[in-house]
Amino acid sequence: MMPRSLIPFTLAAALMAGPAFAQTQEETTGTIQAVFRGDVLAACRMSTPLAPTADNAQVGALAPGSADIAINQLVGDDGAPIGATIVLVLPATCNQAHTLNLSSLNGGLKGDGPALPGGAFRSQAPYTVTVAWAGESQTFQTQDESLSFALGSAATGPVTVTIQIPAGGAPLAAGTYSDELVLELGVAG
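Residues numbered from 1 in each chain as written. Predicted model: local features only at pLDDT ≥ 70, side-chain atom pairs only at ≥ 80, totals over all residues. Heavy atoms only, no water.

Looking now at the overall build of the chain. Within the chain, the regular secondary structure consists of zero helices and 16 strands. Out of the 189 residues in the chain, the part that is buried amounts to 26%. Relative to all contacts within the chain whose residues are 6 or more apart in sequence, the contacts with residues 24 or more apart total 70%. Just so you have it, the chain exposes about 11800 Å², and 55% of that area is on carbon and sulfur atoms. (Helix = DSSP H or I, 4+ residues; strand = E, 2+ residues; numbered from the N terminus. Buried < 20%, exposed > 50% of the residue type's maximum accessible area, 1.4 Å probe, protein only. Contact = heavy atoms within 4.5 Å. Areas by Shrake-Rupley, 256 points an atom, 1.4 Å probe, with all protein chains shown as cover.)

To continue, consider the state of the cysteines. For the structure on display, the rule yields one disulfide. Disulfide pairing is shown between Cys-44 and Cys-94; the S-S distance is 1.9 Å. Where Cys-44 bonds to Cys-94 through sulfur, the torsion about that S-S bond is close to 125°, and the disulfide is right-handed. Taken together, the positions of Cys-44 in strand β3 (residues 44–46) and Cys-94 in strand β7 (residues 84–94) put the pair 50 residues apart, joining distant regions of the chain. (Disulfide = S-S within 2.5 Å.)

Turning to the pairing of strand β6 (residues 66–71), a few remarks are in order. Where a strand is regular, its side chains alternate between the two sheet faces. Alignment of strand β5 (residues 57–63) against β6, held across five bridges, turns out to be antiparallel. Bridge pairing in β6 places Ala-57 opposite Ile-71. Where β5 folds back onto β6 in an antiparallel hairpin, the turn is made up of two residues, including Gly-65, whose phi is positive at roughly 85°. (Pairing = 2+ DSSP bridges.)

Residues shown with low pLDDT carry predicted positions that ought not to be read at fine detail. Averaged over all residues, the pLDDT of the chain equals 86, while 86% of them reach at least 70. Long-range and interchain partners of residues 1–18, a stretch whose pLDDT sits below 50, account for 38 contacts in this model, where long-range means more than four residues apart. (pLDDT = per-residue confidence, 0-100.)

A separate point is the sheet that holds strand β8 (residues 98–104). Reading across from one edge, β13-β8-β16 is the order of the three strands in this open sheet, with antiparallel pairing throughout. One side of each edge strand has no neighbouring strand; the edge strands of this open sheet are β13 (146–151) and β16 (181–187). Taken over all neighbouring pairs, the strand axes of this sheet differ in orientation by 10° on average, direction set aside. Here six bridges tie β8 to β13, and the two strands are oriented antiparallel to one another. The residue bridging Thr-99 from the neighbouring strand is Ala-150, located in β13. (Axes fitted to C-alpha atoms, helices over the stretch in contact; angles between N-to-C directions.)

On to the sheet that holds strand β9 (residues 109–111). With respect to topology, three strands assemble into an open sheet ordered β10-β9-β15, the strand pairing being antiparallel. Two strands in the sheet have a free side with no partner beyond their single neighbour: β10 (124–125) and β15 (177–178). Sheet topology note: the β9/β10 ladder contains two bridges and is antiparallel. By the bridge assignment for β10, Leu-109 is matched with Ala-125.

This is the structure in structure tokens:
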């Protein structure tokens, strides 16, 4: 919800009357001047995300500021990732120059078991995230941990986040794999 703007106003009235004469009557004139002022605070807002696409994934718990994504089948019979695609659309608005930042907490889907320094199995599965907003688009690999871009003006519309978990590669070790993506939309400065 945008902060309310206070609109103080000044109302001034002037009444002008001429001298009174017995045989003539002057018309009375008046003016009113109203001056309005208000402030709009700089703000960025994102609404509850929508999930129009989820291939090999379930998207739930959609609420302002959150979405839970569960991969239906992370690996095939050979232990290699199967792949998944998820698209989230977040209605958003920023009323001035602003920045968009996206970061990955684990640098990809990370297993809860011990790190595997080599060998046939791995305990981390990086993935790709593409963000489109206000005519701009950027892609990053989660192992790069973050992306950021600045926009020099106000914007409103959808922020589209496309998450692509690639198929193939070395098999994953047994465990529960997780990551947390954080998307921040904030005023510049």
